[in-house]
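Now for the letters of each chain:
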Amino acid sequence: MRGVLRAFPQAQMVVSAVLATLVRQELGVRLAFTNRDAKGNYGFHRMYQPPPGSLVVPVEDLIFSGRDVRNQAGFFAASGLRLLGVGAWG
């Protein structure tokens, strides 16, 4: 987790689920969850929706094809968020 801090010291939040919760605690930043509707469109869970201009780092436990990460990157851009990079374990 310290590696994420070193790689993305300017991050304001981490986006993902269980693993991201641990990374978020280590970094001391906000946590947001993305989800998809029945049509496959991304959105943020109602608990927190970051404002445009936020610097984000999605954290994934596994990346297979990279399709979901690319789709999330497009969603972040369309939402006015700045993607700093992607953290992945596994």
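Throughout what follows, the structure given in this document is the object of discussion. Model, not experiment: these values are computed from the prediction. (Residues numbered from 1 in each chain as written. Predicted model: local features only at pLDDT ≥ 70, side-chain atom pairs only at ≥ 80, totals over all residues. Heavy atoms only, no water.)

1. Describing the packing of aromatic side chains
Under the criterion given, the structure shown has four aromatic pairs. Between F75 and F76, the aromatic rings sit 5.9 Å apart at their centres with planes inclined by 50°, giving tilted as the arrangement. Residues F75 and F76 agree in their burial class; the two are buried. An aromatic cluster of at least three residues, connected via ring pairs, comprises Y42, F44, F75 and F76. Here the basic side chain of R30 rests over the ring of Y48, its NZ or CZ set 3.7 Å away from the ring centre. (Phe/Tyr/Trp six-rings, centres within 6.5 Å; stacked < 30°, edge-to-face > 60°. Buried < 20%, exposed > 50% of the residue type's maximum accessible area, 1.4 Å probe, protein only. Lys NZ or Arg CZ within 6 Å of the ring centre and 35° of its normal.)

2. What about the environment of Q10?
You can see Q10 is positioned in the loop between α1 (2-7) and β1 (13-15). When its relative accessible area of 43% is taken as the criterion, Q10 is described as partly exposed. Taking the C-alpha atoms as reference, Q10 lies 7.5 Å from L55; in sequence the two are 45 residues apart. In this view, Q10 contacts L55 and L84; residues no more than four positions away in its chain are not counted. (Helix = DSSP H or I, 4+ residues; strand = E, 2+ residues; numbered from the N terminus. Contact = heavy atoms within 4.5 Å.)

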